[in-house]
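Summary of structural features
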Amino acid sequence: AQKITQTQPGMFVQEKEAVTLDCTYDTSDQSYGLFWYKQPSSGEMIFLIYQGSYDEQNATEGRYSLNFQKARKSANLVISASQLGDSAMYFCAMRPYGGFKTIFGAGTRLFVKA
Amino acid sequence: EAGVAQSPRYKIIEKRQSVAFWCNPISGHATLYWYQQILGQGPKLLIQFQNNGVVDDSQLPKDRFSAERLKGVDSTLKIQPAKLEDSAVYLCASSLRSETHNEQFFGPGTRLTVL
């Protein structure tokens, strides 16, 4: 069975510092995609970044980068230069290639301090 | 471009009543998803449509939940009768196609409270 584990229920970071949000996954599929979404208090999920399991380079999108370690089955999100607006819930998700179901972790709540 | 629209934003009902949620995806998006997000958890996929056909409904409690996608555009999700454990946020999302790498665009959700 597929599973996403986010072990940090809450994280604090000082404004302008970098923060890493952990994500490990369990799957028997060889090909899959990994996603990170942000959910502000308004409730809407916002796509941040995508990493394919066969991508050799770690994905980057602006201040977001994904530290992908396939052998360890981890896909940590790194946010550089944190901003107050980054305070939100962050969800790691996975979907197998050719499959339909995206599964989400329980999320990590990030608090950015001024 | 306009985002995914959902209505209502909030709904309070008593158990055993019925309720319906509406979703209008981004124009041109072939794939539509309904998720249930219980407080403190990540979203759980209930059903996924490709155009107007169902491609995955393995986690939909079919004894009380039903969903349809009219003409491959709008979709409605219905609960009848509702139970206390159905209290959650119901999120609708759409993507251009169903391929894995396609990002999903989410609506604001409908917060359902069952008393």
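Structure report, in brief. No experiment lies behind these values; they were computed from the predicted model shown.

1. So, the overall build of chain A
Assigned secondary structure in chain A consists of 0 helices and 12 strands. For chain A, the α and β elements follow one another from N to C terminus as β-β-β-β-β-β-β-β-β-β-β-β. In terms of overall size, chain A behaves like a compact globule, its C-alpha atoms giving a radius of gyration of 14 Å where 114 residues would be expected to give roughly 13 Å. Referenced to the eigenvectors of the C-alpha coordinate spread, the extents of chain A come out at roughly 40 × 25 × 20 Å. Taking all 114 residues of chain A together, the buried fraction comes to 48%.

2. Some points on the interface of chain B and chain A
On the chain A side, the residues contacting the 25 residues of chain B number 21 residues. Note on chain B versus chain A: buried area summed over both sides is about 1,700 Å², and carbon and sulfur give 52% of it. The interface formed by chain B and chain A holds 5 residue pairs in polar contact (both at pLDDT 80 or more) in total. Looking at the side of chain B that touches chain A, the elements with two or more residues in it are strand 4 (31–37), strand 5 (44–50) and strand 6 (53–56) of chain B. Top contributing element to the side of chain B that touches chain A by residue count: strand 4 of chain B, with 3 residues. For the side of chain B that touches chain A, the residue count by class is 8 nonpolar, 13 polar and 4 charged.

3. So, the sheet that holds strand 7 (residues 65–69) of chain B
One key point about sheets: their strands pair by backbone hydrogen bonds, in either a parallel or an antiparallel sense. Residues and elements named next belong to chain B. Reading across from one edge, 1-3-8-7 is the order of the 4 strands in this open sheet, with antiparallel pairing throughout. Edge positions in the open sheet fall to strand 1 (5–7) and strand 7, since each of these has one partner strand only. Neighbour-to-neighbour, the strand axes of the sheet open up by a mean angle of 15°, direction not taken into account. Here 3 bridges tie strand 1 to strand 3 (residues 19–24), and the two strands are oriented antiparallel to one another.

4. So, the nonpolar core
Grouped together as the largest cluster of nonpolar side chains are 25 residues, with contacts concentrated most on A:Tyr25, A:Trp36, A:Ile49, A:Leu77, A:Tyr90 and A:Leu110. Secondary-structure elements contributing two or more residues to this core are strand 3 (19–21), strand 5 (32–39), strand 6 (46–52), strand 8 (64–69), strand 9 (74–79), strand 10 (88–96) and strand 12 (108–113) of chain A. No other element matches strand 10 of chain A, which puts 4 residues into this core. Beyond its immediate sequence surroundings of up to four residues, A:Leu110 is in contact with A:Met11, A:Val13, A:Val19, A:Leu21, A:Ile79, A:Asp86, A:Ser87, A:Ala88 and A:Tyr90. The next biggest cluster of nonpolar side chains, apart from the first, holds 21 residues, and it includes B:Ile26, B:Leu32, B:Ile47 and B:Tyr90.

Definitions and cut-offs
Residues numbered from 1 in each chain as written. Chains lettered and ligands numbered in written order. Predicted model: local features only at pLDDT ≥ 70, side-chain atom pairs only at ≥ 80, totals over all residues. Heavy atoms only, no water. Helix = DSSP H or I, 4+ residues; strand = E, 2+ residues; numbered from the N terminus. Rg over C-alpha atoms; globule rule 2.2 N^0.38 Å. Buried < 20%, exposed > 50% of the residue type's maximum accessible area, 1.4 Å probe, protein only. Contact = heavy atoms within 4.5 Å. Buried area = accessible area lost by both parts, 1.4 Å probe. Polar contact = N/O pair within 3.5 Å; in protein donor to acceptor, adjacent residues only side chain to side chain. Nonpolar A, V, L, I, M, F, W, Y, C, P; charged D, E, K, R; others polar. Pairing = 2+ DSSP bridges. Axes fitted to C-alpha atoms, helices over the stretch in contact; angles between N-to-C directions. Core = buried A, V, L, I, M, F, W, Y, C linked by side-chain atoms within 4.5 Å.

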